[in-house]
Every structure is written in structure tokens, then in C-alpha cells.
Amino acid sequence: MKFSTKAIHFGQNNDPLTGAINLPIYQTSTYQQIEPGVTRGFSYSRTENPTRKTLEEALASLEDAKYGLAFASGLSAINTILNLLKTGDHIIASNDLYGGSYRIFTKLYQKFGVEFTFADTTKIQEINKSIKKNTKILWLESPSNPLLRITDIKTAAKLAKKYKILTVVDNTFATPYLQQPLKLGSDIVIHSTTKYIAGHGDVIGGGLVTNDQKLYDELRFFQNAVGAIPGPIDCYLTLRGIKTLALRVEKHCENAKAIADFLSSHSKISKVYYPGLANHPNHDIARKQQKDFGAIISFEIKTDLKETKKFIKNLKLFTLAESLGAVKSLLSNPATMTHASVPREVRLQSGISDSLLRISVGIEDKEDLLNDLKQALDKLEVITCKTETVK
Ligand SMILES: *Cc1c(COP(=O)(O)O)cnc(C)c1O
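The model shown is predicted, which means the values in this text are computed figures rather than measured ones. Residue numbers here run from 1 along each chain, matching the order of that chain's written sequence. In keeping with the predicted nature of the model, local features appear solely for residues at pLDDT of at least 70, side-chain atom pairs appear and are counted solely at 80 or more, and the whole-chain, interface and lining totals rest on all residues. As a convention, hydrogens and water are excluded, and side-chain values are obtained from all of the structure's heavy atoms.

S.K.: Tell me about the overall build of the protein chain, residues and numbers included.
M.R.: Secondary structure elements follow DSSP: runs of H or I no shorter than four residues count as helices, runs of E no shorter than two count as strands, and numbering proceeds from the N terminus. A count of helices and strands for the protein chain gives 14 helices and 12 strands. Once the C-alpha set of the protein chain is aligned to its principal axes, its extents read approximately 75 × 50 × 35 Å. The rule is simple: take the accessible area with a 1.4 Å probe, protein chains only, and divide by the maximum for that residue type; under 20% is buried, over 50% is exposed, in between is partly exposed. Scored against the burial criterion, the 391 residues of the protein chain give a buried share of 56%. Across the protein chain, every contact between residues at least 6 apart in sequence was considered, and the portion connecting residues at least 24 apart equals 73%. Each accessible area is a Shrake-Rupley result for a 1.4 Å probe, and residues are judged covered by the shown protein chains and nothing else. Accessible surface, the protein chain: about 17300 Å² in total, of which carbon and sulfur atoms supply 54%. Working convention for charge: Lys and Arg count positive, Asp and Glu count negative, and His plus the chain ends are omitted. Here the site of a charge means NZ on Lys, CZ on Arg, CG on Asp, or CD on Glu. With 51 positive and 40 negative side-chain charges, the protein chain shows a spacing of 3 Å between the two charge centroids. Between two residues, a contact is recorded if the distance between any of their heavy atoms is within 4.5 Å.

S.K.: I'd like a description of the environment of S353, backed by residues and values.
M.R.: Inspection of the secondary structure puts S353 in the loop between α13 (344–349) and β12 (357–360). The class for S353 is buried, based on a relative accessible area of 0%. For S353 and A157, which are 196 residues apart along the polypeptide, the C-alpha to C-alpha distance reads 30 Å. Any N or O atom pair separated by 3.5 Å or less is treated as a polar contact, with the protein-specific requirement of one donor-capable and one acceptor-capable atom, and with residues adjacent in sequence counted only for side-chain atom pairs. Among the polar contacts listed, one links the side chain of S353 to the backbone nitrogen of L356, at a separation of 3.2 Å.

S.K.: Help me get a handle on the nonpolar core, residues and values and all.
M.R.: Think of a nonpolar core as a cluster: buried Ala, Val, Leu, Ile, Met, Phe, Trp, Tyr and Cys residues, connected wherever their side-chain atoms sit within 4.5 Å. The biggest cluster of nonpolar side chains holds 65 residues, and the ones touching the most others in it are I259, L263, I297, F299, F311 and I359. Per element, the largest residue contribution to this core is 10 residues, and it comes from helix α10 (residues 245–264). Two domains each put at least three residues into this core: domain 1 (3–242) and domain 2 (246–389). Residues in contact with F299, not counting those within four places in the same chain, are L263, I269, K271, V272, Y273, F311, S355, L356, L357 and I359. Residues L82, L85, I137 and F222 belong to the second largest nonpolar core, which totals 29 residues. An automatic or database domain assignment is the source of the domain bounds shown.

S.K.: Got a sec to walk through the packing of aromatic side chains? Specific residues and values, please.
M.R.: Note on ring pairs: Phe, Tyr and Trp rings are taken, using the six-membered ring of Trp, and paired if centres are within 6.5 Å. Classes follow the plane angle, with under 30 degrees stacked, over 60 edge-to-face and the rest tilted. Applying the stated rule across the entire model yields 12 aromatic pairs. Plain terms: the ring middles of Y31 and F42 are 5.6 Å apart, the flat faces sit at 35° to each other, and that makes the pair tilted. Of this pair, Y31 sits in the loop between α1 (3–9) and α2 (50–62) while F42 sits in the loop between α1 and α2, and the two are 11 residues apart along the sequence. The residues Y31 and F42 share a single accessibility class, namely buried.

S.K.: Please give an account of helix α6 (residues 153–162) that cites residues and values.
M.R.: Taken as a whole, α6 has its buried residues at I153, A156, A157, L159 and A160. Looking straight down α6, one finds that the buried residues subtend no more than 160° of arc, so they occupy a single side. Along α6, exposed side chains directed more than 90 degrees from the buried face belong to K154, K158, K161 and K162. In the core, the buried residues of α6 are packed alongside α5 (124–130), β4 (135–141), β5 (166–170) and α11 (283–289). Backbone geometry just after α6 places K164 at a positive phi near 55°. Read the arc as the range of directions from the helix axis to the C-beta atoms.

S.K.: Before we move on, can you summarise the side chain of K268 with the specific residues and values?
M.R.: Topologically, K268 is positioned in the loop between α10 and β8 (269–273). At 2.5 Å, the side chain of K268 and the backbone oxygen of L380 are in polar contact.

S.K.: Give me the domain arrangement of the protein chain: which residues, what numbers.
M.R.: Looking at the protein chain, the domain boundaries give domain 1 (3–242) and domain 2 (246–389). The centre of domain 1, based on its C-alpha atoms, is set 27 Å off from the matching centre of domain 2. Across the contact, 39 residues belong to domain 1 and 39 residues belong to domain 2. Buried surface at the junction of domain 1 and domain 2, both sides included, amounts to about 3000 Å², of which 61% is carbon and sulfur. Salt bridges are counted wherever a side-chain nitrogen of Lys or Arg sits within 4 Å of a carboxyl oxygen of Asp or Glu. Applying the counting rule to domain 1 against domain 2 returns 0 salt bridges. Throughout, the accessible surface (probe 1.4 Å) given up by two parts as they are put together, summed over both, is called the buried area.

S.K.: I'd like a description of the packing of α10 against helix α14 (residues 366–378), backed by residues and values.
M.R.: Only the stretch in contact is used when fitting a helix axis, every axis being a line fitted to C-alpha atoms; angles between N-to-C directions are given from 0 to 180 degrees. At a minimum axis distance of 10 Å, the contact between α10 and α14 shows a crossing angle of 30°. Between α10 and α14, the angle falls in the class roughly parallel. Remark: the crossing between α10 and α14 carries right-handed chirality. Every residue of α14 that contacts α10 at K251, E254, N255, A258, I259, F262 and L263 is listed here: K366, L369, L370, L373, K374 and L377. Any residue outside Ala, Val, Leu, Ile, Met, Phe, Trp, Tyr, Cys, Pro, Asp, Glu, Lys and Arg is labelled polar, Gly included; the first ten of those are nonpolar and the last four are charged. Of the residues contributing to the contact of α10 with α14, the split by class is 8 nonpolar, 1 polar and 4 charged. Between 65 and 115 degrees an angle is taken as roughly perpendicular, under 35 as roughly parallel, over 145 as roughly antiparallel, and anywhere else as oblique. By convention the crossing between two helices is left-handed if the near helix lies anticlockwise of the far one by an angle smaller than a right angle, and right-handed if it lies clockwise.

S.K.: So what's going on with the sheet that holds β12? Residues and values would help.
M.R.: Spatially, 5 strands are ordered β8-β9-β12-β11-β10 in an open sheet, and the strand pairing comes out mixed. Looking at the sheet topology across the chains shown, the edges are occupied by β8 and β10 (319–320). DSSP-based pairing: two strands are paired if at least 2 bridges between them are found. Examined bridge by bridge, β8 and strand β9 (residues 296–301) share 4 bridges and lie antiparallel to one another. Across the sheet, K271 pairs through a bridge with E300, a residue of β9.

S.K.: Residue-level account of helix α4 (residues 99–109), with values.
M.R.: Counting buried residues in α4 gives 8 out of 11 residues, a clear majority hidden from the surface. Looking only at α4, the buried set comprises G99, G100, S101, Y102, I104, F105, T106 and Y109. Residues of α4 that are buried make contact with α3 (74–82), β2 (90–94), β3 (115–119), β4 and α13.

Structural data, given as C-alpha cells:
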């Protein structure tokens with residue numbers, strides 16, 4: 001079965017009781033037992049719930065994985081994977097990372113004696129150099145946030161495997177429609193389903209998939225032990241989003257391509273980060289491992305932060321908000337928003353300037369989006385100098 005068919009049919013059977021074509025929202029905490037210890041497969045909704053189970057099966061099917069687990073947020077999925085570690089273990093992570101992942105690594109797990117090395121994972125020798133005796137996980141984000149760097153997942157996972165290191169890929173930006181990291185050799189794939197998978201900006205959720213039964217059993221144990229599970233309504237909304245994932249992502253990508261081309265040829269723009277552009281440093285590997293280039297674009301305007309703020313104010317269709325992957329176009333300034341928890345010097349070092357803007361291109365009409373960006377750029381009269389030099 002092909003992706004868009006699976007997204008609509010897999011696990012999403014008609015309700016056997018009534019024939020309803022959508023799975024009911026099983027809004028229940030507990031389940032009647034037939035006799036003590038004998039259940040119909042469900043005993044308590046932290047452990048299992050039919051609506052959540054369906055979402056977990058659907059998530060697995062999108063990544064062609066054997067097992068899936070759903071969580072209350074992307075970060076609770078990430079936390080559950082980190083539960084596999086113990087004091088003294090070491091993680092190598094991409095240095096251009098979702099701010100919340102950086103925060104849970106450095107503010108929480110470091111406290112328990114887990115060590116982290118942040119490396120430029122787009123360079124395989126940098127990963128190789130960071131490997132230690134106690135390295136347990138290679139944590140990759142590709143495309144990365146917010147600079148859209150691409151790591152060669154297949155080569156990185158192969159290296160990790162040689163040292164018995166687990167490769168985890170945060171596939172939130174690409175979605176399973178554009179990239180399936182398990183097929184490239186990774187062991188676990190995580191998603192913030194809040195973004196493209198649910199897709200409408202109305203629910204927080206997370207998920208992970210794996211083909212390894214031992215890992216799955218352990219992660220499922222933690223899921224129940226910790227209890228960061230999504231409620232049935234959130235599961236339902238996410239399942240509803242999944243049905244149109246392929247359609248939405250195609251339109252997101254089409255719009256993003258047009259905007260990236262427009263921005264990169266605009267005289268007032270100094271830098272555009274988009275893996276679909278031929279001059280993007282990882283363009284070739286993006287072409288190879290992704291079906292398309294996604295719909296997140298970061299850029300810098302040839303001006304200072306004050307004028308950049310004016311530009312933000314003048315936009316009408318791009319809402320200034322954290323998050324991404326919704327049908328509605330969003331815009332953010334990573335330094336003050338999503339990446340505020342990353343120290344400024346660390347940000348600058350990894351190439352995130354104070355005035356960098358990131359847009360999540362929605363599925364509105366392409367011309368309307370282009371016109372909106374154009375009018376806001378036209379209003380920027382004074383172009384002084386570039387903010388900071390970004391290496
Ligand atoms: C949003 C995001 C997360 C965290 O997910 P939440 O659902 O907000 O907890 C993790 N990784 C990436 C790449 C994200 O964009």
C-alpha cells in the first residue's frame with residue numbers, strides 16, 4: 001500500500017460496533033474486567049486506550065515501522081528515549097538542535113550525570129571524533145532547526161552501529177512522507193506530532209517508532225511508568241491530521257520552494273537557508289535522502305534587528321508564533337523565541353544570529369504569501385549593514 005492510502009486506511013477501520021467510518025474517541029480512564037485479571041485487552045488508559053492504540057499503529061505504518069508509541073508531546077517522547085540511559089552514559093547530538101531538546105539534555109539529564117557532546121553531525125569525521133567508550137546514543141536532527149542542515153543519516157547510522165551506538169533521528173521537520181530514517185539505518189525515530197503530523201496547530205503531541213522489539217518493550221514500559229500519554233481527543237485530532245499529511249506536505253513544499261526562490265533572489269535578503277536551494281551546503285544529500293525539501297526556511301535581511309522587527313510587524317499572513325508545520329504560515333525569531341534557552345554564544349557559534357528569521361510556510365495560496373513578503377520587504381527603506389557575521 002502506498003503512503004496516502006495507508007494514512008487514511010491503516011488502523012483506521014470502520015467501527016465494528018456501529019459501522020462509524022471514524023474511530024470513536026474512547027474517553028474512558030478504565031475498563032470493566034470480565035473476571036478478576038481477565039480483560040478485553042484494556043485495563044487502564046495510562047497503559048492502553050483504543051484511540052491511542054490506533055494512533056500508535058498509524059504512526060508506525062507511516063514510517064513502515066513495526067512498533068509505534070504516542071506521547072503527550074514531542075518532548076515527552078524525547079524524555080522517554082533518554083530514560084534508556086544511566087549515569088555515566090554519553091550522547092553525541094547535532095549542534096543545531098531544537099531548543100527544547102538542548103534544554104532537556106543540558107538542564108535535566110546532565111544533572112543526572114549523562115554527558116553530551118554537541119557536534120556538527122553534517123560532517124561524519126566530527127561524529128567519529130566525538131565517539132567515546134561510554135557513547136550510547138547518536139542524536140540526529142535532519143533537517144535541523146533552525147538552520148536546515150542535513151546529516152547523511154545512512155552514513156552516520158552505519159558508523160554508530162559499528163560502535164553499538166543507537167541512532168535516534170528527530171524526523172519532525174521532514175515528516176515520514178519525505179524521509180524514513182529507519183530505512184536509512186536509524187534505530188528510533190521521534191516526532192513532535194504537534195507539527196506536520198497533526199498539522200493544524202491545534203494539538204500538542206509526540207510519537208516514536210522502532211523496528212526493535214527489545215527497545216520497544218523497554219520504551220513502552222517507560223511510557224506507562226512515567227505516564228506522559230496523550231488523551232483520547234488529542235489522539236483523535238492527530239489521526240485526523242494524518243489522513244491529509246501527504247496532500248498537505250506536497251502543498252507546503254510547493255509553496256516553500258517558490259518562497260525560497262523569491263527570497264534568494266531579493267536584493268534586501270542577505271542569507272537564505274533552505275536545503276532545496278542548489279547553493280545549500282547539504283543540497284546533494286538532501287536530494288538523496290528526502291523526497292522533497294520541506295517547508296521551513298530561515299533567512300536574514302540586510303538590516304539590523306530594529307528594521308527586522310518592522311518587517312515582522314508589516315507581514316499580514318505570517319503570524320509571529322513559535323511552532324511550525326501548521327496549515328497557517330508562521331514566523332519566528334529563534335534567538336528570542338524557540339532558541340532562547342540556548343546561551344547566546346552557543347547560538348552564535350552554531351550560526352544562529354540574533355536577527356535570523358524562520359518561517360514555516362503554510363498551505364495558503366502561493367501568490368498571496370509571496371505578495372505579503374514582497375510588500376513587507378518593500379517597506380524596509382534603510383538598509384544599513386548586516387547584523388552580525390555568521391560563519
Ligand atoms: C517542536 C519540536 C520538538 C518538541 O515537540 P513538542 O511537541 O513541542 O514537545 C522536538 N523536536 C523538534 C524538531 C521540534 O520542532
